[in-house]
Amino acid sequence: MDSAYRGFVMPPFLRAKVGTTYTCVMADVLRPADRDRENPIFTTNGSAHPPAEPRRWALPLVMLVYLAVYGRAMTLGFVWDDSVNSSQSELLLGPLSQVIRKGEHARSEPATERMPKDLVPKHESYRPISVTSHWIDVHLFGPRSWPMHLHNLLLGLLSIVLVSAVGRALGLGLWLPCLWALHPLHVEVFAYISARSDLLAATFSLLALLSALRSTQTDQVHARWLWAGSAAFFQMVSLFAKEANIALPLAVLTLALAGGKLRAAAASTSALFAGTIVYFPLRKALMQSASLPMAQKKAILHAFVDLPGVALAYATSFVSPISLTPDRKLWPPFVPLGWIALALLVVGFALAIRRVRAAGRTDLMLAAGALAASGMLLLPAALGFRSIGALSDRYVFFPFLFVAIAFGVAARTAVRLLVNVPRAIWIAPLCAWCGILLTVTWLQIDVWKSDETLAQHAVATEPDNSAALYRLATVATSRGDFVQALPLLERAVSLDPTHQRALSNLSVVYLNLNRVTDAKLILRRLLPLAGATDRRFWYNVASVQAADGKVDKACSALARALEIDPGYVLALTLRDRICIPIEMHSDR
């Protein structure tokens with residue numbers, strides 16, 4: 001100590017006992033007293049020392065591996081809904097002004113705009129950012145698929161860079177970008193053109209998350225609110241790409257609460273909430289079907305019930321992604337098991353938080369906050385499951401980030417606990433798991449080559465999946481192979497007697513095989529399910545009645561189809577062929 005301070009005696013309130021010695025606790029006048037500013041919610045890593053920065057070549061290496069694995073995606077064709085988002089769509093071939101204000105139902109099924117209001121879908125999605133992206137591709141590259149796949153791959157590269165920034169902020173190194181780039185759960189988004197809406201939404205949500213981070217870290221009030229405003233802007237843009245990440249403000253608030261940094265994150269969270277609120281009147285002003293909500297209240301209630309089961313199913317696929325298919329079902333016991341798992345997690349967290357040390361408690365809080373945030377962001381996935389009856393991987397694209405954060409924090413804690421254990425014991429299974437992930441990802445890309453490869457893979461993985469059987473049968477009927485489609489559709493409706501599309505296609509197959517009586521029996525089964533609103537059902541009824549020689553009944557069915565959709569071309573053509581000549585003859 002300097003000689004000028006040798007006679008200084010520390011008063012008791014400036015002493016802090018450390019072992020058997022005493023040190024002087026001096027206030028740091030060069031730093032703000034606000035502890036929240038010193039420890040922003042995204043920068044704690046549970047250690048007294050900052051995390052080691054990854055080598056500069058590490059991230060470019062991850063990106064090169066990503067390109068090497070996914071470069072084959074540019075050889076893939078159009079599948080599923082790509083007909084709506086490519087040059088096969090007449091709307092996208094026209095001016096942007098005629099498609100930019102349409103909802104997804106109106107784009108994929110223009111007949112909904114002609115139907116009576118009581119027959120149109122009761123909810124609608126509005127994604128002008130994604131539509132504009134596809135429109136640009138169509139007008140620049142025409143009918144080719146590879147430029148659209150390249151567009152997706154470049155957006156994927158951008159998302160990897162942003163995830164890497166989140167990983168550095170959390171002290172997780174390359175864990176996050178590696179999992180994000182190469183986990184099989186992300187193949188659907190990177191390899192499926194129409195999943196670009198999920199990719200765009202996640203990219204802008206990552207920008208919003210990073211802006212919230214910068215807002216939390218800065219001490220200048222002006223800069224803090226500037227970054228918060230950027231977070232709100234990117235959140236709105238994300239919602240106009242796809243409404244999937246609407247719970248991002250709650251997710252950020254949960255992380256702030258878990259880190260005890262609510263005050264530091266006040267500006268960013270309030271701005272995110274404000275951006276989300278402003279989105280709704282903007283959506284109403286821009287979309288043509290402005291009165292349609294994103295989801296019905298009853299569907300949201302069912303989604304809340306299913307949410308723990310959906311989260312458990314995706315968590316299982318995160319750890320063991322062996323049986324991924326776009327049509328996989330939610331195993332019914334997963335819903336109660338999900339609630340049990342949630343209760344066990346809460347109890348386990350409450351017990352563990354009291355026993356761990358300070359460093360471990362920080363990691364535990366971060367992992368718990370990340371898991372809670374992922375659960376909130378998975379609500380649209382539960383809604384999607386209720387809508388299409390399948391657990392699509394694209395629904396978990398952005399929530400995957402928070403699951404990976406929790407996994408990375410758990411892995412970091414495990415490494416700290418296993419410091420005295422020989423590395424080979426735990427590194428070997430970890431490397432084996434990573435190898436399995438990379439292998440499954442490589443194989444999954446080829447699955448997205450065509451509708452047929454997708455359907456064949458789904459049936460091979462889940463032979464008793466009615467949706468997969470229906471898709472494979474649809475591929476057969478599209479090339480006129482009704483004999484091959486018949487057993488597939490019969491199996492599909494035996495597994496799911498309420499599968500409307502399978503029943504409808506089965507009636508068509510029977511008709512094309514001259515089994516008119518069987519076609520009638522199927523249509524009778526379908527009547528209570530689809531008779532009120534499905535124009536195709538009444539067209540099929542008319543076709544069967546006409547084949548059976550009952551023209552009057554066929555014309556009545558066509559009249560019903562045209563009540564639902566006055567511009568239904570197939571019904572108008574058949575009416576002109578079989579009904580109008582009869583009317584003209586009767587008039588004579």
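What comes next concerns the included structure.

Calculation rules
Throughout this document, residue positions are counted from 1 along each chain, in the order its sequence is written. This being a predicted model, a pLDDT of at least 70 is required before a residue's local features are given, and a value of 80 or more before pairs of side-chain atoms are given or counted; all residues contribute to the totals for chains, interfaces and linings. Excluded from the side-chain calculation are hydrogens and water; included are all heavy atoms of the structure. Strands here are runs of E lasting at least two residues and helices are runs of H or I lasting at least four, both read from the DSSP assignment and numbered beginning at the N terminus. Only protein chains enter the area calculation, which uses a 1.4 Å probe; residues under 20% of their type maximum are buried, those over 50% are exposed, and those in between are partly exposed. What makes two residues a contact is simply this: any of their non-hydrogen atoms within 4.5 Å. Note that a disulfide, as used here, is simply two cysteine sulfur atoms within 2.5 Å. Whenever a helix is involved, its axis is fitted only over the stretch in contact; in every case the axis is a line through C-alpha atoms, and angles between N-to-C directions fall within 0 to 180 degrees. Note on residue classes: Ala, Val, Leu, Ile, Met, Phe, Trp, Tyr, Cys and Pro are nonpolar, Asp, Glu, Lys and Arg are charged, and everything else, Gly too, is polar. Put simply, a nonpolar core is a bunch of buried Ala, Val, Leu, Ile, Met, Phe, Trp, Tyr and Cys residues held in one set by side-chain atoms that sit within 4.5 Å of each other. Should an angle fall under 35 degrees it is taken as roughly parallel, and over 145 as roughly antiparallel, whereas 65 to 115 is taken as roughly perpendicular and any remaining angle as oblique. Only residues whose relative accessible area exceeds 30% and that take part in no salt bridge are eligible for patches, with like-charged residues grouped when within 9 Å of each other and nonpolar side chains (Val, Leu, Ile, Met, Phe, Trp, Tyr) grouped when within 5 Å. Shrake-Rupley sampling with a 1.4 Å probe provides the accessible areas, and residues are treated as covered by the protein chains on show and by no other component. Any Lys or Arg side-chain nitrogen located within 4 Å of an Asp or Glu carboxyl oxygen qualifies as a salt bridge. The criterion for an aromatic pair is that two Phe, Tyr or Trp rings (for Trp, the six-membered ring) have centres within 6.5 Å, with stacked assigned to planes under 30 degrees apart, edge-to-face to planes over 60 apart and tilted to the rest. Ring-over charges, as used throughout, are those where CZ of Arg or NZ of Lys falls within 6 Å of the ring centre and within 35 degrees of the ring normal.

Okay, the environment of Arg394 next. Take Arg394: it is sitting in the loop between helix 16 (379-388) and helix 17 (399-417). With a relative accessible area of 13%, Arg394 lands in the buried category. In sequence terms Arg394 and Pro326 are 68 residues apart; their C-alpha atoms lie 9.1 Å from each other. Contact partners of Arg394, with chain neighbours within four places excluded, come to Trp80, Glu188, Val189, Tyr192, Ala195 and Asp198.

What follows is about the state of the cysteines. Formally, a disulfide is one covalent bond, and it connects the sulfur atom of one cysteine to the sulfur atom of another. Per the stated rule, a full pass over the model turns up one disulfide. With a sulfur-sulfur separation of 2.1 Å, Cys555 is cross-linked through a disulfide to Cys579. Its S-S torsion of approximately -115 degrees makes the covalent link between Cys555 and Cys579 left-handed. In this pair, Cys555 sits in helix 25 (residues 551-564) while Cys579 sits in the loop between helix 26 (569-578) and helix 27 (580-587), placing the two residues 24 residues apart along the sequence. Accessibility classification places Cys555 together with Cys579 in one group, the buried group. Not engaged in a disulfide, the cysteine Cys434 finds its nearest cysteine sulfur in Cys431; these two sulfurs lie 6.3 Å apart.

Turning to the packing of helix 9 (residues 196-217) against helix 12 (residues 266-286), a few remarks are in order. Relative to each other, helix 9 and helix 12 sit at 145 degrees, their axes nearing to 8 Å. Each of Ala208, Ala212, Ser215 and Thr216 in helix 9 lies in contact with helix 12, whose residues at this interface are Ala267, Ser268 and Leu272. Within the contact of helix 9 with helix 12, the residues separate by chemical class into four nonpolar, three polar and no charged.

The biggest cluster of nonpolar side chains holds 92 residues, and the ones touching the most others in it are Leu176, Trp180, Leu401, Phe402, Ile405 and Trp448. Sort the elements by how many residues they give to this core and helix 9 lands first, with 11 residues. Not counting the four nearest positions on each side in its chain, Trp448 is found in contact with Leu76, Val79, Trp80, Val187, Glu188, Ala191, Tyr192, Pro326, Thr453 and Leu454. Counting residues in hydrophobic clusters, the runner-up holds 46 residues, among them Leu469, Leu488, Tyr510 and Phe537.

We note that Trp80 has phi near 50 degrees; this positive angle belongs to a residue other than glycine. Note on placement: Trp80 falls in the loop between helix 2 (58-70) and helix 3 (90-93). Judged by its relative accessible area of 18%, Trp80 falls in the buried class. Unlike most non-glycine residues, Asn514 shows phi in positive territory, near 60 degrees.

To continue, consider the packing of helix 9 against helix 10 (residues 221-241). Where helix 9 meets helix 10, the axes come as close as 8 Å, and the angle between the chain directions of the two elements is 170 degrees. Relative to helix 10, the element helix 9 lies roughly antiparallel. Only Arg224, Trp227, Ala228, Ser230, Ala231, Phe234, Gln235, Val237, Ser238 and Ala241 of helix 10 make contact with helix 9, whose side of the interface consists of Ser197, Leu200, Ala201, Phe204, Ser205, Leu207, Ala208, Ser211, Ala212, Arg214 and Ser215. When grouped by side-chain class, the residues that make up the contact of helix 9 with helix 10 number 12 nonpolar, seven polar and two charged.

This part is about the environment of Ala311. Along the chain, the position of Ala311 falls in helix 13 (residues 297-319). A relative accessible area of 25% places Ala311 in the partly exposed class. Taking C-alpha positions, Ala311 is 9.7 Å from Leu371, a pair spaced 60 residues apart along the chain.

We now examine a nonpolar patch on the surface. A contiguous nonpolar patch, built from Val305, Trp339, Leu342 and Val346 and spanning about 360 Å² of accessible area, is present on the exposed surface. When residues in the nonpolar patch are grouped by element, the largest group, three residues, is from helix 14 (residues 334-355). For Leu342, the location among the structural elements is in helix 14. Overall, the relative accessible area of 39% leaves Leu342 in the partly exposed class.

Applying the stated rule across the entire model yields 22 aromatic pairs. With a centroid separation of 6.3 Å and 90 degrees between ring planes, the pair formed by Tyr126 and Phe240 is classed as edge-to-face. On the criterion of sequence distance, the pair formed by Tyr126 in the loop between helix 4 (104-108) and helix 5 (128-141) and Phe240 in helix 10 is long-range, its members being 114 residues apart. For the pair Tyr126 and Phe240, one class covers both residues: buried. When the ring of Phe240 is compared with that of Tyr279, the centres are 4.9 Å apart and the planes differ by 65 degrees; the resulting orientation is edge-to-face. You can see Phe240 sitting in helix 10 and its partner Tyr279 sitting in helix 12, a full 39 residues away along the chain. Judged by relative accessible area, which is 9%, Phe240 ranks as buried. Take Tyr279: its relative accessible area is 0%, and that puts it in the buried class. Among the aromatic residues, those joined into a cluster by ring pairs are Tyr66, Tyr70, Trp175, Trp180, Phe190, Phe318, Phe397, Phe400, Phe407 and Trp433. The residue whose ring lies beneath Arg72 is Trp442, and the NZ or CZ to ring-centre distance is 3.7 Å. In this arrangement the basic side chain of Arg535 is found over the ring face of Tyr568, its NZ or CZ atom lying 4.3 Å from the centre.

Turning our attention to helix 16. Among the residues making up helix 16, those that are buried are Leu379, Ala381, Ala382, Gly384 and Phe385. Of the residues trailing helix 16, Gly389 is marked for its positive phi of about 75 degrees.

Moving on to the pattern of salt bridges. Summed over all chains, the structure comprises 16 salt bridges. As a salt-bridge pair, Asp327 and Arg471 come within 2.9 Å of each other at their nearest N and O atoms. Of the two residues, Asp327 is situated in the loop between helix 13 and helix 14 and Arg471 in helix 20 (residues 466-478); the sequence distance between them amounts to 144 residues. A relative accessible area of 5% places Asp327 in the buried class. The residue Glu452 makes a salt bridge to Arg479 at a minimum N-O spacing of 3.7 Å. Of the two residues, Glu452 sits in helix 19 (residues 451-461) while Arg479 sits in the loop between helix 20 and helix 21 (482-495), which places them 27 residues apart along the sequence. Here the residues in one salt-bridge network are Lys520, Asp548 and Lys550, joined through shared partners.

Nothing here speaks to function; it is geometry throughout.
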